[in-house]
Amino acid sequence: MQSLNWLLLSDIHVGMGDLEVLWPTAKHAFFEDIKKLHATNGDIDFVVFAGDLAYKGVTPEYDRFNIVLGELWSVFAGLGFNPPLVALPGNHDLSRPSDSNPATPMLKQWWDQKSARETLFKGTNHYRDLISDVFSAYTNWSKSPLPHGIKLLADNEGLLPGDSSTVVEKNGLRVGVVCLNSTWLQLGNENYEGKLHVDSRQLLALTKDDPTVWCQSNDLNILVTHHPLGWLEPSSRKQFESEINPPGRFDIHVYGHMHEAASEVTSSSGSQQRITFQSRSVFGLEYVGDKITERSHGYAWFTYKREEEADRLFCKPRALFRQNSGKAKIVQDHNFELDDAGTVPLFSRQSKALSPTPKPKIKEETSSPALNEVTAGTSTLKSLRYYLHPSAAHKQVRLIEHRKAGEAINSERAVWIVSDWGMGGDEFLYTV
Ligand SMILES: [Fe+2]
């Protein structure tokens with residue numbers, strides 16, 4: 001069996017007012033939980049940070065962020081490993097540009113400014129210069145040595161600051177990670193929900209103009225943005241779903257920004273499934289009224305396993321829980337449907353190691369023709385086997401259909417399902 005582990009972190013906002021006061025205690029709950037999961041799950045092979053490292057995107061905040069990174073990697077070092085880091089910027093990792101720069105109002109009105117849209121991705125221009133400027137502190141951080149010799153992975157850098165693609169090779173597995181800057185239009189302080197853009201040219205520049213082939217060469221492919229799909233402008237959302245993340249290309253799209261954790265597995269009109277995972281903030285504060293703040297701390301531990309016949313992706317979402325004593329602990333995030341080990345299964349599919357489909361092996365020396373047939377038949381079926389996605393939630397719905405399907409299988413040993421719903425077919429079959 002081959003496997004690897006990776007952490008998803010996001011939104012620590014170093015520089016935010018109360019972090020200096022609250023993080024010194026909160027960090028220990030985080031570190032203790034890492035040690036606890038390590039004891040049963042093994043070393044962490046790489047870490048993904050999905051943006052908002054800083055609060056105002058200025059250099060002193062990245063210096064402070066490096067101290068936090070150093071503390072975390074000290075914990076890793078104590079456990080005997082030193083994972084590389086993959087990161088991209090969030091909306092708190094850029095400084096707001098001056099409106100006196102003529103490029104600023106043009107980019108702020110991106111969706112009404114055809115000339116800006118036609119120019120930005122064509123070579124060097126003043127729009128690209130402005131975007132580089134606003135992310136300059138983040139870029140400088142990414143180019144500077146990190147504590148503990150942490151290696152920031154970015155095999156290929158893209159058109160915009162923070163765009164990168166990289167391949168992690170570990171334990172005989174290849175994991176492709178693509179980071180796309182989703183926040184480069186967020187140049188003001190207003191609400192940008194439904195107004196942002198990720199351009200398919202950002203992805204093409206990172207994958208030699210062929211993201212399908214790039215992804216096919218890896219066992220697992222992870223797409224990282226800071227924002228969820230809902231923050232993109234409607235036409236950008238369509239482009240994202242068709243040109244960047246069509247079903248079957250990336251295995252999972254992870255993002256942060258929202259501070260609360262969530263995941264979705266969707267299929268549209270019978271398509272392959274798309275999986276998204278929204279990361280809880282490592283350190284998030286939501287202001288409720290003048291005096292009350294609600295805190296959100298957490299992260300997610302992912303494991304990718306290649307077993308004899310199946311590739312599986314699991315996740316352990318973790319969240320801060322405050323005990324009656326006032327002490328905070330990071331524990332299983334019970335907003336998810338968890339198994340007894342605190343795990344959410346994300347997919348289970350036929351192992352890519354079995355592709356292309358091997359020819360069945362027939363034992364010619366076997367004397368019994370009947371046994372030959374059974375052996376050949378079993379091998380053939382193995383290569384045709386299709387793995388269903390586990391779905392505890394679907395056990396609670398369509399109970400009448402489950403019962404009828406079960407009765408048909410028991411009495412006829414076969415069932416023909418004709419459905420009028422467009423998604424969730426695999427989950428229905430799994431529950432039957
Ligand atoms: Fe954010």
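Residues numbered from 1 in each chain as written. Predicted model: local features only at pLDDT ≥ 70, side-chain atom pairs only at ≥ 80, totals over all residues.

1. Concerning the overall build of the protein chain
What the protein chain contains, in helices and strands, is twelve helices and 16 strands. Counting across all 432 residues of the protein chain, residues that qualify as buried make up 36%. Considering only contacts within the protein chain whose residues lie at least 6 apart along the sequence, 72% involve residues at least 24 apart. (Helix = DSSP H or I, 4+ residues; strand = E, 2+ residues; numbered from the N terminus. Buried ≥ 20, exposed ≤ 12 C-beta atoms within 10 Å, placed from the backbone. Contact = placed C-beta atoms within 7 Å.)

2. Things to note about the sheet that holds strand β5 (residues 164–170)
Pairing is mixed across the open sheet formed by seven strands, whose spatial order is β4-β5-β6-β7-β8-β10-β9. On the outer flanks of this sheet lie β4 (156–157) and β9 (262–266), each paired with one strand and no other. Relative to strand β10 (residues 274–278), strand β8 (residues 252–255) is paired through three bridges, and the arrangement is parallel. Looking at the pairing, His253 lines up with Thr276 of β10. (Pairing = 2+ DSSP bridges.)

3. Examining helix α9 (residues 234–244)
Turning to α9, its buried residues are Ser236, Phe240 and Ile244. Buried residues of α9, seen end-on, are gathered within an arc of 50 degrees and therefore sit on one face of the element. The outward face of α9, more than 90 degrees from its buried face, is lined by the exposed residues Pro234, Ser235, Lys238 and Ser242. (Arc of directions from axis to C-beta.)

4. Side note on the confidence of the model for the protein chain
On average, residues of the protein chain score 89 in pLDDT, and 87% of them are at 70 or above. Contacts for the low-pLDDT stretch residues 357–369, under 50 throughout, to residues beyond four places or in other chains number 14 contacts. (pLDDT = per-residue confidence, 0-100.)

5. Considerations on unusual backbone geometry
If you check the backbone angles, Asp11 has positive phi at about 55 degrees while not being a glycine. By secondary structure assignment, the location of Asp11 is in the loop between β1 (2–9) and α1 (19–41). Although it is not a glycine, Arg413 adopts a positive phi angle of roughly 65 degrees. Tracing the backbone shows Arg413 in the loop between α11 (399–412) and α12 (425–431). With 7 C-beta atoms packed within 10 Å, Arg413 lands in the exposed category.

6. A closer look at the nonpolar core
Grouped together as the largest cluster of nonpolar side chains are 90 residues, with contacts concentrated most on Leu8, Val48 and Val224. It is helix α2 (residues 59–79) that contributes the most residues to this core, six residues altogether. Excluding residues within four positions of it along the chain, Val224 makes contact with Val48, Ala50, Leu88, Val177, Val178, Cys179, Val254 and Tyr255. (Core = buried A, V, L, I, M, F, W, Y, C linked by C-beta atoms within 7 Å.)

7. Focus: the environment of Lys316
Among the structural elements, Lys316 can be located in strand β14 (residues 310–322). Under the C-beta neighbour-count criterion, Lys316 is labelled buried, with 22 such atoms within 10 Å. Expressed as a C-alpha distance, the spacing of Lys316 and Thr303, which sit 13 residues apart in the sequence, is 8.4 Å. The residues contacting Lys316, other than those within four sequence positions of it, are Leu37, Ala300, Trp301, Gly342 and Thr343.

8. Focus on α1
By the largest-angle criterion, Thr25 marks the main kink of α1, which is about 35 degrees. Residues Leu19, Trp23, Phe30, Asp33 and Leu37 constitute the buried set of α1. Elements in contact with the buried residues of α1: β13 (298–306), β14 and β15 (328–332). Gly42 sits one or two residues past α1 and shows a positive phi near 90 degrees. (Bend = angle between axes of the 7 residues up to and from the residue.)

9. Considering the pairing of β10
Bridge analysis of β9 against β10 gives five bridges, and the strand direction is antiparallel. The residue of β10 that forms the bridge with Thr266 is Arg274.

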